[in-house]
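# Architecture at a glance
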Amino acid sequence: LYTVANAFLAPDDGPPFRVVVGKGEVIKGWDLGILGGLEGEITPMNVGGVRRLSIPSGLAYGPNEVGPIPANQDLQFELEIVQAGKESDISLQYRLGG
């Protein structure tokens, strides 16, 4: 499990991170964890919602090393949806957990 805290901004380190989900711009684990999926096993998040995601490497970066994240690493994130717009454009606060 990858737990280097400085890999991503903590909520107090700046403005919320803006991302479009559901279009392949983020790792598959974020798409599933935010929008829901797996035949209803994961419910969609709402504005104001907070969720801890435990993402297996296969739904993260798999065998690829990305920045400070080593290959084949399971990841954990705590996300809070702070705003949502059209086409799954959301702003969220997140931090790497562990």
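Because the structure is a prediction, the values reported are computed rather than measured.

Right, let's get into the side chain of Gln-76. Note on placement: Gln-76 falls in strand β3 (residues 75–84). Within the structure, the side chain of Gln-76 is placed 2.9 Å from the side chain of Arg-52, a separation counted as a polar contact.

Confidence along the chain averages 75 in pLDDT terms, with 72% of residues attaining 70 or more. The least confident element of the chain is strand β4 (residues 89–96), whose mean pLDDT is 46; the most confident is strand β2 (residues 50–55), at 88. Overall, residues 1–7 carries pLDDT values under 50, and its contacts beyond four positions in sequence, including any with other chains, amount to 19 contacts. Considering only residues more than four positions removed or in separate chains, one finds that residues 91–98, a stretch of pLDDT under 50, has 52 contacts.

Turning next to unusual backbone geometry. Despite not being glycine, Asn-72 has its phi angle at roughly 55°, a positive value. Counting through the fold element by element, Asn-72 comes out in the loop between β2 and β3.

Let us now look at the nonpolar core. Ile-27, Trp-30, Ile-34, Ile-55, Leu-75, Phe-77 and Leu-79 are the most contacted members of the largest nonpolar core, which totals 15 residues. Among the elements of the structure, α1 (28–35), β2 and β3 are those that each provide at least two residues to this core. Looking at which element gives the most residues to this core, the answer is β3, with four residues.

Quick notes on the rules
Residues numbered from 1 in each chain as written. Predicted model: local features only at pLDDT ≥ 70, side-chain atom pairs only at ≥ 80, totals over all residues. Heavy atoms only, no water. Helix = DSSP H or I, 4+ residues; strand = E, 2+ residues; numbered from the N terminus. Polar contact = N/O pair within 3.5 Å; in protein donor to acceptor, adjacent residues only side chain to side chain. pLDDT = per-residue confidence, 0-100. Contact = heavy atoms within 4.5 Å. Core = buried A, V, L, I, M, F, W, Y, C linked by side-chain atoms within 4.5 Å. Buried < 20%, exposed > 50% of the residue type's maximum accessible area, 1.4 Å probe, protein only.

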